[in-house]
Amino acid sequence: MPGLLRGVARTAVVAGTATAVSNRVSRRQAGRWAQQDVAAEPAPPPPPPAPAPAAPAPASMDDKISQLQQLAQLRDQGVLTNEEFAAQKQRLLAG
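As the structure is a prediction and not an experimental result, all values here were calculated from the model.

### Thoughts on the overall build of the protein chain
Inference 1: Looking only at helices and strands, one finds 3 helices and 0 strands in the protein chain.
Inference 2: Starting at the N terminus and walking to the C terminus, you meet the elements of the protein chain as α-α-α.
Inference 3: Counting across all 95 residues of the protein chain, residues that qualify as buried make up 6%.
Inference 4: Carbon and sulfur atoms form 62% of the exposed surface of the protein chain, whose accessible area is close to 8,400 Å².

### Description of the pattern of salt bridges
A side chain of one charge can pair with a side chain of the opposite charge when the charged atoms of the two come close.
Inference 1: Counted under the stated rule, the structure contains 1 salt bridge.
Inference 2: Between Asp76 and Arg75 there is a salt bridge, with its nearest N and O atoms 3.5 Å apart.

### Some remarks on a positive patch on the surface
Inference 1: Residues Arg24, Arg27, Arg28 and Arg32 make up a contiguous surface patch of positive charge.
Inference 2: For Arg24, the location among the structural elements is in helix α1 (residues 2-40).

Parameters and conventions
- As a convention, each chain's residues are numbered from 1 in the sequence order in which they are written.
- pLDDT decides what is reported in this predicted model: residues at 70 or higher carry local features, side-chain atom pairs at 80 or more are listed and counted, and totals for whole chains, interfaces and linings draw on all residues regardless.
- Heavy atoms throughout the structure, all of them, feed into the side-chain values; hydrogens and water do not.
- Every helix listed is a DSSP run of H or I at least four residues long, and every strand listed is a run of E at least two residues long, numbered separately from the N terminus.
- A simple rule labels every residue: compare its accessible area, found with a 1.4 Å probe on the protein chains alone, to the largest value its type can have, and call it buried under 20%, exposed over 50%, or partly exposed in between.
- Using the Shrake-Rupley algorithm and a 1.4 Å probe, accessible areas are obtained, with residue cover drawn only from the displayed protein chains.
- Any carboxyl oxygen of Asp or Glu within 4 Å of a side-chain nitrogen of Lys or Arg constitutes a salt bridge here.
- Residues enter patches when their relative accessible area tops 30% and they take part in no salt bridge; the joining distance is 9 Å for like charges and 5 Å for the nonpolar side chains Val, Leu, Ile, Met, Phe, Trp and Tyr.
- In this count, Lys and Arg are taken as positive residues and Asp and Glu as negative ones, while His and the chain termini are left out.
- Positions of charges follow a simple convention, taking NZ of Lys, CZ of Arg, CG of Asp or CD of Glu.

In short, geometric facts, not functional conclusions.
Right, dumping it as structure tokens:
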């Protein structure tokens, strides 16, 4: 029985060592491949600058009135507070 126990223990040590070495080699290779991929790929070009937003066309009086009516409906429905309505009204009439 001691011979059998010794054989099992030796097998466990060998298998554990082989697994540890295999994992270490795999990690090392993955690290090297990652470095090679980074070195082989040129840096991507920077994205082109975003176009400047176009200035809004001056709204006609009919458009402004329509928008004011929509804002008033939103205020009446409780979606906008009186302060929000007043701020949007000022922004609309200033533009």
